Amino acid sequence: MLPEEKDGQPVFMGFLEKPHGFTQEEIKNSELRLSNLNSLANLFIAQNDLGRAQASYHEALELAISLGSIPVVVDVMAGIGEVCLLLGKLEEAGKLLGFASAFPGADRQTHDKA
């Protein structure tokens, strides 16, 4: 399942890969927040606090989409898939993890998570 393309650019959930209307400082701050949200979600998983992990991942997903960071979107989807798996939502987990592991731009960490 690959993202659609528009004018030669990948489109994911209606967003192009490039962020629009952000200053360099806003992008830097948002990327730091994304990293923190992912770290928090991983910590919550380790503590078996799956509700807070899922909430952190969903906030990270919204931020990654707004920045147009497709590889981070895919990584966060793998994290949400992991939470779904731990919650016993096997069908949803399978879809999310399958997409993340099949995505050609996914990094090694995403593949390992998926």
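Basis of the calculations
Residues numbered from 1 in each chain as written. Predicted model: local features only at pLDDT ≥ 70, side-chain atom pairs only at ≥ 80, totals over all residues. Heavy atoms only, no water. pLDDT = per-residue confidence, 0-100. Helix = DSSP H or I, 4+ residues; strand = E, 2+ residues; numbered from the N terminus. Contact = heavy atoms within 4.5 Å. Core = buried A, V, L, I, M, F, W, Y, C linked by side-chain atoms within 4.5 Å. Buried < 20%, exposed > 50% of the residue type's maximum accessible area, 1.4 Å probe, protein only. Axes fitted to C-alpha atoms, helices over the stretch in contact; angles between N-to-C directions. Parallel < 35°, antiparallel > 145°, perpendicular 65-115°, else oblique. Left-handed = near helix turned anticlockwise from the far one by under 90°. Nonpolar A, V, L, I, M, F, W, Y, C, P; charged D, E, K, R; others polar.

J.: Explain the confidence of the model for the chain to me, using residue names and the numbers behind them.
T.: Confidence in the prediction of the chain, expressed as mean pLDDT, is 79, and 71% of residues score 70 or more. Put simply, strand E3 (residues 15-16) is where the chain has its lowest mean pLDDT, 42, and helix H2 (residues 50-67) is where it has its highest, 93. Every residue in residues 9-18 scores below 50 in pLDDT, and together they form 30 contacts with partners more than four places removed in sequence or on other chains.

J.: Describe the nonpolar core, with residues and values.
T.: One finds Tyr57, Leu61 and Ile80 to be the most contacted residues of the largest nonpolar core, which totals 30 residues. Counting only elements with at least two residues in this core, the list comes to helix H1 (24-46), H2, helix H3 (70-86) and helix H4 (90-102). Residues in contact with Leu61, not counting those within four places in the same chain, are Val73, Val76, Met77 and Ile80.

J.: A description of the packing of H2 against H3 should follow, citing residues and the corresponding values.
T.: Between H2 and H3, the shortest axis-to-axis distance is 9 Å and the interhelical angle comes to 160°. One way to sum up the angle between H2 and H3 is to call them roughly antiparallel. In the packing of H2 onto H3, the handedness of the crossing is left-handed. Residues Leu50, Ala53, Gln54, Tyr57, His58, Ala60, Leu61, Ala64 and Ile65 of H2 form the contact with H3, whose own contacting residues are Val72, Val73, Val76, Met77, Gly79, Ile80, Val83, Cys84 and Leu86. Here the contact of H2 with H3 is composed, by residue class, of 15 nonpolar, 3 polar and no charged.

J.: Run through the side chain of Gln54, naming residues and quoting values.
T.: Secondary-structure assignment places Gln54 in helix H2. On the accessibility criterion, Gln54 (17% relative accessible area) is buried. With near-sequence residues (within four places) excluded, Gln54 lies in contact with Val83, Cys84 and Leu87.

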